[in-house]
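What the coordinates show
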Amino acid sequence: MFRHLLTPDWTPGCSLPQLSLEAMEARAKGPIRALVIDVDRTLLPRRSAELPPAAEHWLREVGARVPIHLFSNNPSRRRIGGVSDRLGLPY
């Protein structure tokens, strides 16, 4: 029923820290009201719990402008919780 909401219809051709909020808004044809961002293999590299500095910078910059909610299908609360705690973002 809601699966289409989680299926990408755009591949920007760059990594998340290289993607501007303006580019996303241009694609959306309007302001972005909130972002739900997957943690595993989007923010955190495989088998790592360390948030890359570029990803952290991007999250702080974009998060100052729009609400961000972290998402993961990984059952490890420690993994997503570490990112959540560091940035003060809900998950």
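Below or above, wherever it landed, is the structure these notes cover.

Rules used in this analysis
- Residues numbered from 1 in each chain as written.
- Predicted model: local features only at pLDDT ≥ 70, side-chain atom pairs only at ≥ 80, totals over all residues.
- Heavy atoms only, no water.
- Helix = DSSP H or I, 4+ residues; strand = E, 2+ residues; numbered from the N terminus.
- Rg over C-alpha atoms; globule rule 2.2 N^0.38 Å.
- Buried < 20%, exposed > 50% of the residue type's maximum accessible area, 1.4 Å probe, protein only.
- Contact = heavy atoms within 4.5 Å.
- Areas by Shrake-Rupley, 256 points an atom, 1.4 Å probe, with all protein chains shown as cover.
- Lys, Arg positive; Asp, Glu negative; His and termini not counted.
- Charge placed at Lys NZ, Arg CZ, Asp CG, Glu CD.
- Patch = residues over 30% accessible without salt bridge, like charges linked within 9 Å, V, L, I, M, F, W, Y side chains within 5 Å.
- Salt bridge = Lys/Arg side-chain N within 4 Å of Asp/Glu carboxyl O.

**Some remarks on the overall build of the protein**
- The secondary structure content of the protein amounts to three helices and two strands.
- What you see in the protein, going N to C, is helices and strands ordered as α-β-α-β-α.
- For a compact globule of 91 residues, the expected C-alpha radius of gyration is about 12 Å, and the protein comes in at 13 Å, within 12% of that figure.
- With the principal axes as the frame, the protein shows a C-alpha extent of 35 × 35 × 25 Å.
- Here the protein holds 91 residues, and 31% of them are scored as buried.
- Within the protein, counting contacts between residues at least 6 apart in sequence, those at least 24 apart form 55% of the total.
- In the form shown here, the protein has an accessible surface area of approximately 6700 Å², with 54% of it arising from carbon and sulfur atoms.
- Taken as two groups, the 13 positive and 9 negative side-chain charges of the protein have centres that lie 7 Å from each other.

**Describing a nonpolar patch on the surface**
- Judged by side-chain polarity, Met1, Phe2, Leu5 and Leu6 come together as a nonpolar surface patch covering roughly 580 Å² of accessible area.
- For Phe2, the location among the structural elements is in the segment before helix H1 (21–28).

**Brief notes about helix H3 (residues 77–87)**
- Looking at H3, one finds that the buried residues are Arg79, Ile80, Gly81, Val83, Ser84 and Leu87.
- Buried residues along H3 sit in contact with helix H2 (53–63) and strand E2 (68–71).
- Directly after H3, the chain includes Gly88, whose backbone phi takes a positive value near 70 degrees.

Any functional reading would require information beyond the geometric quantities listed.
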